[in-house]
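# A look at the structure
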Amino acid sequence: MNFQTLFMESKGQPIIYQGKELKMVDRINLPSSKISLKVSFVSTDSKWKQGIVFQTKGEFEINDQKLSTKIILWEDTAPKELHMLIKSKDKVLITYNVWETEDGTTHYWHNGGAMYVVEDNGIRTYNCNDGYADDDLNDLIFTIQYPALRSLP
């Protein structure tokens, strides 16, 4: 399934596909300007390398290392589970999936790119589709565990 066309028609807003709300990007309202999250790679099932982008107006800290306002965690180099401190000036966390093709280019938001987010007991599970035009939503599955986050419209 080429979700790009549907997202273009919706002007980048979430779409409903087979009863699920699919997003290009997840914008989360943080309860405070400083928050710790646990990120876990659950599984990947793609011929391309999969990654997660985190972005905020502020900085990230992982293992006492301060990082910029935007980071990518790649499934082949990041720990399967990690704790991340977010220091956000606007209390908004943006996340989306990316993939790297054979030529080393990082891609996102086109062709089959989409994600379905399920929230349960303080854990957000992201079921992601990469740029390959299918609709299995299992190319990357990851979780974010947090204290009370809320998606922005």
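Residues numbered from 1 in each chain as written. Predicted model: local features only at pLDDT ≥ 70, side-chain atom pairs only at ≥ 80, totals over all residues. Heavy atoms only, no water.

## Some words on the pattern of salt bridges
If you walk through the whole model with that rule in mind, you get 9 salt bridges. With a closest N to O distance of 3.7 Å, Glu81 and Lys38 form a salt bridge. Residue Glu81 is found in strand S9 (residues 81-88), and its partner Lys38 is found in strand S4 (residues 34-44); the two are separated by 43 residues along the sequence. The partly exposed category is assigned to Glu81, whose relative accessible area is 47%. On the basis of relative accessibility, which here comes to 24%, the residue Lys38 falls in the partly exposed class. The partner of Glu59 in a salt bridge is Lys87, with the nearest N and O atoms 3.8 Å apart. Linking Glu59 in strand S6 (residues 58-62) with Lys87 in strand S9, this pair joins segments that are 28 residues apart in sequence. Lys87 sits in the partly exposed class, given a relative accessible area of 26%. Here the salt bridges do not stand alone but share partners, grouping Lys23, Asp26, Glu119 and Arg124 into one network. (Salt bridge = Lys/Arg side-chain N within 4 Å of Asp/Glu carboxyl O. Helix = DSSP H or I, 4+ residues; strand = E, 2+ residues; numbered from the N terminus. Buried < 20%, exposed > 50% of the residue type's maximum accessible area, 1.4 Å probe, protein only.)

## Here we look at the sheet that holds S6
Strands pair in a sheet through their backbones, by hydrogen bonds, and they do so in one of two ways: parallel or antiparallel. Taken together, 9 strands build an open sheet; the order of strands is S1-S2-S12-S13-S14-S4-S9-S6-S7 and the sheet is antiparallel. The open sheet has two edge strands, strand S1 (15-17) and strand S7 (65-67), and neither has a second partner. Strand after strand, the sheet turns through a mean of 35 degrees between neighbouring axes, direction not considered. Of the pairings in the sheet, the one linking S4 to S9 comprises 7 bridges and is antiparallel in character. Its bridge partner being in S9, Ser40 is matched across the sheet by Glu81. (Pairing = 2+ DSSP bridges. Axes fitted to C-alpha atoms, helices over the stretch in contact; angles between N-to-C directions.)

## Topic: the packing of aromatic side chains
Per the counting criterion, the structure on display carries 5 aromatic pairs. With a centroid separation of 5.1 Å and an interplanar angle of 85 degrees, the aromatic rings of Phe3 and Tyr17 are classed as edge-to-face. Placement of the pair is Phe3 in helix H1 (residues 3-9) and Tyr17 in strand S1, with a sequence separation of 14 residues. For the pair Phe3 and Tyr17, one class covers both residues: buried. Stacked on the ring of Tyr116, the Lys or Arg Lys20 has its end atom at 4.9 Å from the ring centre. (Phe/Tyr/Trp six-rings, centres within 6.5 Å; stacked < 30°, edge-to-face > 60°. Lys NZ or Arg CZ within 6 Å of the ring centre and 35° of its normal.)

## Description of the confidence of the model for the protein
Taken as a whole, the protein shows an average pLDDT of 93; of its residues, 95% reach a score of 70 or greater. Of all secondary-structure elements in the protein, the lowest mean pLDDT belongs to strand S15 (residues 150-151), at 54, while strand S5 (residues 49-55) reaches the highest, 98. (pLDDT = per-residue confidence, 0-100.)

## Quick notes on the nonpolar core
Judged by nonpolar contacts, the single largest core of 30 residues is most densely connected at Leu37, Phe54, Leu73, Met84, Ile86, Leu93 and Tyr126. Among the elements that take part in this core, S4 stands out by supplying 4 residues, more than any other. The residues contacting Leu93, other than those within four sequence positions of it, are Asp26, Arg27, Ile28, Leu30, Leu37, Phe54, Gln55, Phe60 and Ile86. Within the second largest apolar cluster, 8 residues are counted, among which are Phe3, Leu22, Met24 and Leu137. (Core = buried A, V, L, I, M, F, W, Y, C linked by side-chain atoms within 4.5 Å. Contact = heavy atoms within 4.5 Å.)

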